[in-house]
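Inside the fold
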Amino acid sequence: MDKVVVRDSPIHGRGVFAARRIEAGEAIIEGCRETLSDEALMALPEEERDFLSVMDGRTILMTPPSRFVNHSCSPNARGTDRADVAIRVIEAGEEVTVDYAAEQVPGLRLECNCRTPDCRGLLVVADVRI
Ligand SMILES: [Zn+2]
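Summarised in this report is the structure supplied together with it. Predicted, not measured: the structure shown is a model, and the values here were computed from it.

Now for the overall build of the protein. Regarding its fold elements, the protein presents one helix and 12 strands. In sequence order, the secondary structure elements of the protein are arranged as β-β-β-β-α-β-β-β-β-β-β-β-β. Since a compact globule built from 130 residues should have a radius of gyration of about 14 Å, the 14 Å found for the protein is in line with a globular shape. Here the C-alpha coordinates of the protein stretch approximately 40 × 30 × 25 Å along the principal axes. Counting across all 130 residues of the protein, residues that qualify as buried make up 46%. Pairs at least 24 apart in sequence give 58% of the contacts found in the protein among residues at least 6 apart. Only carbon and sulfur atoms are counted for the fraction: they give 51% of the accessible area of the protein, which is about 7200 Å². Computed over 16 positive and 23 negative side-chain charges, the inter-centroid distance for the protein is 3 Å.

Turning our attention to the sheet that holds strand β6 (residues 58–62). Reading across the sheet, the three strands line up as β4-β6-β5 and stay open at both edges, with antiparallel pairing between neighbours. The open sheet is flanked by β4 (33–35) and β5 (52–55), the only strands paired with a single partner. If you compare each strand with its neighbour and ignore which way they point, the axes differ by 35° on average. Bridge analysis of β5 against β6 gives four bridges, and the strand direction is antiparallel. Residue pairing for β6: Val54 is matched across the bridge by Thr59.

For the zinc ion, every protein donor is listed as Cys73 (SG), Cys112 (SG), Cys114 (SG) and Cys119 (SG), and the spread of their distances is 2.3 to 2.4 Å. Angles of 102 to 114° at the metal separate the four donor atoms of the zinc ion, which places the site in the tetrahedral class. Counting gaps between the donor residues of the zinc ion yields the pattern C-x38-C-x1-C-x4-C. Of this pair, Cys73 sits in the loop between β7 (70–71) and β8 (77–79) while Cys112 is found in the loop between β11 (109–111) and β12 (122–124), placing the two residues 39 residues apart along the sequence.

Take the layout of surface pockets next. In this structure, the largest pocket encloses a volume near 670 Å³. Forming the walls of the largest pocket are 31 residues, and the residues nearest its centre are Asp50, Phe51, Arg67, Tyr100 and Leu108. Breaking the lining of the largest pocket down by element, the ones donating at least two residues are β5, β7 and β11. Counting residues per element, the lining of the largest pocket draws most heavily on β11, at three residues. Here the residues of the lining of the largest pocket are counted per class, giving 13 nonpolar, eight polar and 10 charged.

It is worth spelling out the side chain of Ser53 at this point. By secondary structure assignment, the location of Ser53 is in strand β5. For Ser53, a relative accessible area of 3% corresponds to the buried category. For Ser53, the side chain forms a polar contact with the main-chain oxygen of Glu103, separated by 2.9 Å. The residues touching Ser53, leaving out its near neighbours within four places in the chain, are Arg58, Thr59, Ile60, Met62, Glu103, Gln104 and Pro106.

Criteria and cut-off values
Per chain, residues are indexed from 1 in the order of the written sequence. Whole-chain, interface and lining totals are the exception, using all residues; otherwise, since this is a predicted model, local features are given only for residues with pLDDT of at least 70 and side-chain atom pairs are given and counted only at 80 or more. As a rule here, side-chain values cover all heavy atoms of the structure and leave hydrogens and water aside. Helix and strand assignments follow DSSP, with helices taken as H or I runs no shorter than four residues and strands as E runs no shorter than two, numbered in order from the N terminus. A radius of gyration in this sense is built from C-alpha atoms; the matching globule rule multiplies 2.2 Å by the number of residues raised to 0.38. Residue burial is assigned from relative accessible area. The probe radius is 1.4 Å, only protein chains are included, and a residue is buried under 20% of its type maximum, exposed over 50%, and partly exposed in between. Throughout, a residue-residue contact means that at least one pair of heavy atoms, one from each residue, lies within 4.5 Å. Values of accessible area rely on a 1.4 Å probe in the Shrake-Rupley scheme; residue burial ignores everything except the protein chains shown. Neither His nor the chain termini are counted; the positive set is Lys and Arg, and the negative set is Asp and Glu. Here the site of a charge means NZ on Lys, CZ on Arg, CG on Asp, or CD on Glu. Should DSSP find at least two bridges between two strands, the strands are regarded as paired. Inter-axis angles, ranging from 0 to 180 degrees, are taken between N-to-C directions of lines fitted to C-alpha atoms, where helices are fitted over the stretch in contact. Each metal's donors comprise the N, O and S atoms found within 2.8 Å of it (within 3.2 Å for Na, K or Ca). Water is not part of the atom list, so some coordination spheres may appear incomplete. Site shape is set this way: if four donors have all angles between 85 and 135 degrees, tetrahedral; if opposite donors are over 155 degrees apart and all others between 65 and 115, square planar for four donors and octahedral for six; otherwise irregular. We place a 1 Å grid over just the protein atoms. Points where a 1.4 Å probe fits but has no way out form a cavity, open points with protein on both sides within 12 Å along at least 5 of 7 lines form a pocket, and any residue with an atom within 4 Å of a point lines it. Grid points are joined across faces, edges and corners, and a volume is the space filled by probe spheres set on the points. Charged residues are taken to be Asp, Glu, Lys and Arg, nonpolar residues to be Ala, Val, Leu, Ile, Met, Phe, Trp, Tyr, Cys and Pro, and polar residues to be all remaining types, Gly included. Whenever two N or O atoms come within 3.5 Å, that pair is a polar contact, provided that in protein one can donate a hydrogen and the other can accept it, and provided that, for residues adjacent in sequence, both atoms are side-chain atoms.

Read these as layout, nothing more, since geometry by itself doesn't imply function.
Here it is in structure tokens:
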């Protein structure tokens, strides 16, 4: 059974939800990341640019289902260059979330809707593209 399902999210658009309990430290979604060359980045259609992330100086395009992971100011997962990893136990049915600011989403400007007590409101990440 897949660990996650993609469905409508109360946070934003579609989200990724745990299909079963996921343990802290467990990889939730592996892969789903493409490292882009400068040429590939230049050629990337505008609508794909929402799914970029910068890690270790590399520009990474998140592919489904990883690209549907929503932001939360109290995330239960974090993205690495190879996987989304649970940072605490995620119960079946819970939405999987990461902190977009920590993930370095270039050019991000997001009015956060995570509704957690720690919500930071407006998130802004500098655009590192030249
Ligand atoms: Zn928030």
